[in-house]
Every structure is written in C-alpha cells, then in structure tokens.
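# Topology and contacts: notes
These are the residues of each chain, in order.
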Amino acid sequence: METGQELLALDRVSVTFPDRQVLTEVSFTVNRGSFCGLIDANGSGKTTLLRTILGFQAPSAGRLRISGARAVGYVPQKIQFDADMPVRARDLVALGLDGHRLGLPFPSRAKTRLVDEMLTAVDATGFADQRVGNLSGGQQQRVLIAHALIRRPKLLLLDEPLANLDIRAVAEIVALLGRVCKAHGITVLVSAHDMNPLLGVMDQIVYLANGRAASGPTAEVVRTEVLSALYGYHIDVIKVHGRVLVIAAGPDELPLHEDHHIHVAAVP
Amino acid sequence: MLFEPGFFASDPVQTALIIGGGAAVVSGVAGVFTVLRGQSFAGHALADVSSAGGSAAFLFGINPLLGFLGMAVLAAGAMDLVGVRRAQERDLVTGIVLGAGLGLTALFLYLDVTTHSTTGAAISVMFGSMFAIPPSLIAPALAVGAAALLVVGLIYRPLLLCSLDPSLADVRGVNVRAVGLLHLLVLSMAVTLSAMTIGAILSTALLIGPAAAALRLAHQPVAAILLAIAIGLAATWGGILLAYDSYDWTPGHGWPVSFCIVTIIFAVYLCTGLAPRPRARA
C-alpha cells in the first residue's frame, strides 16, 4: 500500500452561495490511510465542504482532487429512521452494496457472506435482524458505517457521526473508526463540532472557522496563535487533563495584526 | 351458504373479482412505499383529483380508466413541479391541489346529473359500483396494473433507499427526484384502479389500510409488500363475496361492495394493533 501519498487535495477552494460566501480559499491535503478530523465549532461550512468533496457542490473557485478514489463512502448527518420502517440492519447494509441498481434484488450466497462480514466488522451481528428504527443511536451509526464500507471505498466521509450519542457510544464509534482506518487502511474524514473525542485517533486536523481552514498535525493547528488568526480575534487554547478547550475572547477584543504562518484572507 | 348460487358464474362478479384483485395488488405494492414515504395524504389527494377525470369521462362518454388516470397523472405532475421539500409546505400544496380537483368533480358531476338526468354517476365515481364495471375494462385495467408493477420492480432498490433517507440514495448517484416522480406515477395508477372499483373517495382505504397493517407485522420490505397484497386481496374478494351474499340477507337490496371491503380492511387494521409491536429501543 502506498502510504504517505495524498488521497485528497484541496487547493484554495471557495464556495459562494448567492447570499453569502461559505468557504474561502480552503486548502488542505489528506494522506492515504490517515485519520482526519474536520472540526467546525460553530457550523461554518463543514457540510458544504463535505458536499463539495462528494461532488454535489461545485467550487466557485479553486481545485479539488481525489486521486484514484473509485468510491467514496459517506455517512450523512442525523438520519431519523422510523420504527415502522420494515428494514432490518442487514437490509440497510445490503442496500449499501446495490441500492442504486435497477431491478429486483435476488439473494445470493456471496452477497449474504459480504453483508455478514461487514456486520461483524462493525460489531453489529447482535442486532443484525432488528429493524433499524428500533436501534439506539450508536447502533444505527454502526450499521450506517457498514452500509458505507461494504463497497470498500478508499475514502470514508462521516458528517457529525458523534452528535447525539452518549459518552460510551461516542467512545465505541471513535474506536471503530480508528480500527477501520488503521486495520483496513481506509482514509477517514470525520466532521465534528468538538475535537476532544477524536484526539486519540486523529493524525491530522482541519479546523474550520469563518469559512476558512487551518490544517496540519493537531498539535500544530490547535494553538492560540493559529486559531486566533483563523477567527480574527483572540482565542485561548487551554489544555486540561488531556482535553483541549478553545475559548473565544469575543470579537470586541482588539483585532490581531501579527502575520502568522497560515494565510488568512482579510476578515469580512 | 358461503358461496351463494351463481357467484362464480356471474359476469359482473367475475369482472369485479378480476379488476378488484388487480387494484388490491397494485395498491398493496404502492401503499407500502406511500406509507414509508409519509405520502398518505398525497395518495388521497391523487384519488380525489382523479375523480374529476372519472366524472368528466362519464359526461363525455369516454373510457373511465383514461379519465381517472389522466387526471391523477396530471395532479402527480403538478405536485412534483411545485417541488417543495418541507413537509408542512407539501401538505399545503397537496391540500390545494385536492381542493381544486374536487371543485372540478363537483362541476362535472353537476353536469352529469343535469344532462343525463341520473344521480348514478356521483355514487359510482365517488363510492364505486363494482358490479357495474363493463367487462371491456378488464384488459386495460390489467395493463395499467402490470405497468405499475413493472415500474416498481425496476426501481425497487433505489426507491427503498430514497424512502429510508434521500441523502443515502443521493450519494450513490440515484436521481432522487426521478425516483420520487416515478413513485407518484405508480401511485396514480394504483389510485386509478381502486377509484374505478371502490370509488375515488374510498380508494385511500385500499391504498393505506393493508399497507399500514402489513408494516405493523412484517420486519422486512418484501414481506411487508407481500402481506399488504394478501390483506388487500382478502378484503377485496371477501367484500365482493359479502356484498353478493347480502342480497339474501336483506331482501330487495344488498349492501354496497365498497362498504364491505372498507369494513374488512378497518377490522384487519384494528386486529394488527393487538399484535405485539417491538417498538422499544433495544
């Protein structure tokens, strides 16, 4: 496997909607087999960024390259499955394989084996035959991850997979994603509003604020100087008990004039 | 006696059994997806609007199947064109289309009554008259039913994925809007068949009732569809039998077929409510 090579590269990608600019000159690269956290504390465009990577949103400027990624696996944000939906966990995983195909699905031994394999990989065998609508949030995430993984993508995108989960489920999903990344060599890009649950598994971070991004190894990005430059006003980064707190002093504080090593466009 | 003499030999009964059966099968299939997609109200609206076509067909003496189907497809197209995403707005548009359709029905039925000096059209269009269906409609009705089943068979997996969550389908390259439009088309064909049999107003019962009952019992999609078909067929054929036999219970007049069918569906739905439902989160 070729490690250390760029799988995903964004070069000054901007996305402008008629009423506002959502992303401004976002540049970062994600290496093959690495675990990347896309941190967006106040919802400034992570879903737009993920949609751009998926190809649903064309950049208004800049270039985006995914090298050789035949299939991108995607776990969307907060899906509400109705308990009346007569779809079992294994049905949803199978739809990950052939849900886009026309014609009736005919069961095959190979398909069943592949679905079972995926259910085992995400520890979902215990509830494989239950309706997805009856599963807990963490269990539904596992099934959705299996749904996205069954086509063996090179890149797995997840939009806020940790939102609305209890602490134990968060730890379990993070461990599962770490395993998917390290054991199967799949590049994982996870969006989250809080970086703390991901600190143990992240190889790199993309920090979004005001539609702009700072990226690199976590320790280099999550610093007072870098985040202050990104936000355009003073930010305190405080480390307590292995957790990181990002505290804003507020936009009324003196704006910064120092030039930092990341390039940040003029504050609008 | 369960099967009164002449039940199977009677031509009107045979026609009712065949077209009613077709309506039950297509409604079962379309109904499951309609309930899953939360479009029961849209289904009812399509049926109501189709009654404008049915009453116009009666007025101008054209094939009622074409009348019902034409108006239902037009209404489905109108709903898709408006293309609203928010559920509340969708209900609003559906309600307005429904109202406009029923307004036209009122006009055509009024003209039917005044020009043909008969009140039969109103009852027939709105509440059905299964024993009065001309046998010449069997072939076109079965063709419409077969076309609907063909479309569902073709888009089964993308439709299921869209019904689960549109974003899951989107990312797999499924054209979510096209799938939604095809589903509305299938829905139009289903309500056309049931409007012709149990009437436009009551067609919702055949569309939603068996599907809702099946969804309470079945745990996988194919099982839910087969169960909905079975419940729909049992209710339709049972209702026809009941109505036929009822001529002997109340001499001089029988009970309306539509009433018998809808009552059986309602009873089945109530019974499924007694079945244990694994609703609790695991």
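Residues numbered from 1 in each chain as written. Chains lettered and ligands numbered in written order. Predicted model: local features only at pLDDT ≥ 70, side-chain atom pairs only at ≥ 80, totals over all residues.

### Topic: the overall build of chain B
Scanning chain B from terminus to terminus reveals eleven helices and zero strands. In chain B, the succession of helices and strands from N to C terminus is α-α-α-α-α-α-α-α-α-α-α. Taking 282 residues into account, the globule formula puts the C-alpha radius of gyration at 19 Å, and chain B, at 19 Å, falls close to it. Seen along its three principal axes, the alpha-carbon backbone of chain B occupies a region of about 60 × 45 × 30 Å. The buried share of chain B, taken over its 282 residues, is 50%. For chain B, contacts bridging at least 24 residues in sequence account for 74% of all contacts bridging at least 6. (Helix = DSSP H or I, 4+ residues; strand = E, 2+ residues; numbered from the N terminus. Rg over C-alpha atoms; globule rule 2.2 N^0.38 Å. Buried ≥ 20, exposed ≤ 12 C-beta atoms within 10 Å, placed from the backbone. Contact = placed C-beta atoms within 7 Å.)

### Examining the overall build of chain A
Scanning chain A from terminus to terminus reveals seven helices and eleven strands. Buried positions account for 42% of the 268 residues belonging to chain A. By sequence separation, contacts in chain A at least 24 residues apart represent 66% of the contacts at least 6 residues apart.

### Let's talk about helix H5 (residues 120-127) of chain B
Think of an α-helix as 3.6 residues a turn; residues three or four steps apart then line up on the same face. Of the residues making up H5(B), those classed as buried are B:Ala121, B:Ser124, B:Val125 and B:Met126. Following H5(B) by one or two positions, B:Gly128 adopts a phi angle in the positive range, close to 80°.

### Remarks on the confidence of the model for chain B
For residues with low pLDDT, the predicted coordinates do not support detailed interpretation. Residues and elements named next belong to chain B. Per-residue pLDDT for chain B averages 87, and the proportion of residues at 70 or more is 94%. No element of chain B has a lower mean pLDDT than H5, which averages 78, and none a higher one than helix H6 (residues 138-164), which averages 95. Interface confidence in the predicted complex, given as ipTM, is 0.82; pTM for the same model is 0.86. (pLDDT = per-residue confidence, 0-100.)

### Brief notes about the interface of chain A and chain B
With 27 residues of chain A at the contact, the number on the chain B side is 29 residues. For the side of chain A that touches chain B, the residue count by class is 15 nonpolar, six polar and six charged. (Nonpolar A, V, L, I, M, F, W, Y, C, P; charged D, E, K, R; others polar.)

### What to know about the pairing of strand E7 (residues 187-192) of chain A
A regular strand places its side chains so that they alternate between the two faces of the sheet. Residues and elements named next belong to chain A. Of all the six residues making up E7, six are buried; the element is thus mostly covered by neighbouring parts of the structure. Pairing geometry for strand E3 (residues 35-40) and E7, over five bridges, is parallel. Residue pairing across strands places phenylalanine 35 opposite valine 188, the latter belonging to E7. Looking at chain direction, strand E6 (residues 155-159) and E7 are connected through five bridges and run parallel. Across the sheet, the residue bridging to aspartate 159 is serine 191, located in E7. At this point the chain moves from E6, through helix H5 (residues 167-184), to the parallel E7, and the crossover so formed is right-handed. (Pairing = 2+ DSSP bridges. Right-handed = clockwise from strand over helix to strand, strands pointing away.)

### Structural notes on the packing of helix H3 (residues 64-82) of chain B against helix H8 (residues 176-197) of chain B
All names here are of chain B. With their axes 9 Å apart at the nearest point, H3 and H8 run at an angle of 150° to one another. Classified by the angle between their axes, H3 and H8 sit roughly antiparallel to one another. As for how H3 packs across H8, the hand of that crossing is right-handed. In this structure, H3 contributes Pro64, Leu65, Phe68, Leu69, Ala72, Val73, Ala76, Met79 and Asp80 to the contact, and H8 contributes Gly180, Leu181, Leu184, Leu185, Leu187, Ser188, Met189, Val191, Thr192, Ala195 and Met196. For the contact of H3 with H8, the class distribution of residues is 16 nonpolar, three polar and one charged. (Axes fitted to C-alpha atoms, helices over the stretch in contact; angles between N-to-C directions. Parallel < 35°, antiparallel > 145°, perpendicular 65-115°, else oblique. Left-handed = near helix turned anticlockwise from the far one by under 90°.)

### Describing the nonpolar core
Side chains that are nonpolar tend, in soluble globular proteins, to be buried together. A:Tyr207 and B:Val32 are the most contacted members of the largest nonpolar core, which has 171 residues in total. In terms of residues, this core owes the most to one element, helix H1 (residues 11-36) of chain B, which gives twelve residues. (Core = buried A, V, L, I, M, F, W, Y, C linked by C-beta atoms within 7 Å.)

### Quick look at the environment of B:Leu2
With respect to the element layout, B:Leu2 can be found in the segment before H1. Each C-alpha atom, one on B:Leu2 and one on B:Thr250, is 16 Å from the other, the two residues being 248 residues apart in sequence.

### A closer look at the pairing of strand E9 (residues 212-216) of chain A
All names here are of chain A. By the criterion of burial, E9 is predominantly enclosed, with four of the five residues buried. For strand E8 (residues 204-209) and E9, the ladder comprises five bridges, and the chain directions are antiparallel. Bridge assignment links alanine 209 to a residue of E9, and that residue is arginine 212. Following E8, the chain reverses through two residues before pairing antiparallel with E9; asparagine 210 in that reversal takes a positive phi of roughly 55°.

### Side note on the environment of A:Phe17
Residues and elements named next belong to chain A. Here phenylalanine 17 lies in strand E1 (residues 6-17). Given 11 C-beta atoms within 10 Å, phenylalanine 17 falls into the exposed group. In the structure, phenylalanine 17 is positioned 43 residues away from serine 60 in sequence and 8.9 Å away in space, judged by C-alpha atoms.

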